[in-house]
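Structural overview for review
For reference, the chains in residue letters:
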Amino acid sequence: MSISLFPKTVSSWAAAIVAAAAFAPQVLAGPVETLPGRWTGWGKMTLDGGNTERVKCVATYFSEKGGSELRHNLRCASTNYRIDAVAQLKVSDGRVSGEWQERTYVTGGAVSGRVKGDGIAVRIVGDQFTASMIVDTGPCAQSMDIAPTGMGVRRIAVELKKC
């Protein structure tokens, strides 16, 4: 049995995770050079009412155009949620921009933000939601903290590893 807060809910937080996971500081420098490959991990979504749902995620990253663009595929699943999302992102002069699409729910939107230390701070905007997000990236691990509004979810935290 699949439960949804509203039809775009899963795609909204999926988009946030995809956008976050695909960004990193500077073109092919620091954490960005370690992103290409397959990452796996677990995340937890906290609903406005306090209930939580644990999800398993697999992320695949591809460096494109000499490292100035990143393509990212993200699939996450739990008992009640499924995600199949993609993002096409650019990192240039300390700024992050791009677009995301959630294929299951046929929705998408824009991402914008800035590079910060070993990660990024971004804002994601879609048809039915907005989210602020902080991502910290290292050679073997990546953490995302997402605070969405307009979707019945208080917080999303995901840890991905490839080492």
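Above: the structure in question.
Residues numbered from 1 in each chain as written. Predicted model: local features only at pLDDT ≥ 70, side-chain atom pairs only at ≥ 80, totals over all residues. Heavy atoms only, no water.

Once that is clear, we can look at the packing of aromatic side chains. Tallied over the full model, the rule gives 1 aromatic pair. Arranged with centres 5.9 Å apart and planes meeting at 75 degrees, the rings of Trp39 and Tyr61 form a pair that is edge-to-face. With Trp39 in strand S1 (residues 37–47) and Tyr61 in strand S2 (residues 52–64), this pair connects stretches of sequence that are 22 residues apart. No difference in accessibility class separates Trp39 from Tyr61, as the two residues are buried. The ring of Phe62 has Arg71 sitting right over it, with the charged end atom 4.2 Å from the ring centre. (Phe/Tyr/Trp six-rings, centres within 6.5 Å; stacked < 30°, edge-to-face > 60°. Helix = DSSP H or I, 4+ residues; strand = E, 2+ residues; numbered from the N terminus. Buried < 20%, exposed > 50% of the residue type's maximum accessible area, 1.4 Å probe, protein only. Lys NZ or Arg CZ within 6 Å of the ring centre and 35° of its normal.)

To continue, consider the side chain of Gln142. In this structure, Gln142 sits in strand S9 (residues 141–149). Of the polar contacts made by the side chain of Gln142, one reaches the side chain of Tyr61; its length is 2.9 Å. Within the structure, Gln142 has its side chain in polar contact with the side chain of Thr137 (distance 3.4 Å). (Polar contact = N/O pair within 3.5 Å; in protein donor to acceptor, adjacent residues only side chain to side chain.)

One closed barrel accounts for 10 strands, arranged S1-S2-S3-S4-S5-S6-S7-S8-S9-S10; its pairing is antiparallel. Mean inter-strand twist for the sheet, computed between neighbouring axes without regard to direction, equals 20 degrees. Pairing of S2 with strand S3 (residues 69–77), which is carried by 9 bridges, proceeds in the antiparallel orientation. Looking across to S3, one finds that Glu64 is bridged to Glu69. (Pairing = 2+ DSSP bridges. Axes fitted to C-alpha atoms, helices over the stretch in contact; angles between N-to-C directions.)

Another point: the nonpolar core. Among the nonpolar cores identified, the biggest contains 34 residues, and Cys57, Val122, Ile124 and Leu160 are the most heavily contacted of them. It is strand S4 (residues 82–92) that contributes the most residues to this core, 5 residues altogether. If we skip the residues at most four places from it in the chain, Cys57 touches Trp39, Thr40, Gly41, Leu74, Arg75, Cys76, Val158 and Leu160. (Core = buried A, V, L, I, M, F, W, Y, C linked by side-chain atoms within 4.5 Å. Contact = heavy atoms within 4.5 Å.)

Right, let's talk about the state of the cysteines for a bit. Overall, the coordinates contain 2 disulfides when judged by the stated rule. With its sulfur 2.1 Å from that of its partner, Cys57 forms a disulfide with Cys76. On the S-S bond that ties Cys57 to Cys76, the torsion sits near 115 degrees, and the link is right-handed. Here Cys57, found in strand S2, pairs with Cys76, found in strand S3; they are 19 residues apart in sequence, far enough to count as distant. The pair formed by Cys57 and Cys76 is uniform in burial state, with each residue classed as buried. Across a sulfur-sulfur distance of 2.0 Å, Cys140 and Cys163 are joined as a disulfide pair. On the sign convention where negative is left-handed, the bridge of Cys140 and Cys163, at about -75 degrees about the S-S bond, is left-handed. Residue Cys140 is located in the loop between strand S8 (130–137) and S9, and its partner Cys163 is located in the segment after strand S10 (153–161); the two are separated by 23 residues in the primary sequence. Residue Cys140 is classed as partly exposed on the basis of its relative accessible area of 33%. (Disulfide = S-S within 2.5 Å.)

Considering all chains together, one arrives at 7 salt bridges under this definition. Close ionic contact of Lys90 with Glu69 constitutes a salt bridge, the shortest N to O distance being 4.0 Å. Separated by 21 residues along the polypeptide, Lys90 in strand S4 and Glu69 in strand S3 bring together distant segments of the chain. Residue Glu69 is classed as buried on the basis of its relative accessible area, which comes to 9%. Between Asp136 and Lys116 there is a salt bridge, with its nearest N and O atoms 2.9 Å apart. Here Asp136, found in strand S8, pairs with Lys116, found in strand S6 (residues 107–116); they are 20 residues apart in sequence, far enough to count as distant. (Salt bridge = Lys/Arg side-chain N within 4 Å of Asp/Glu carboxyl O.)

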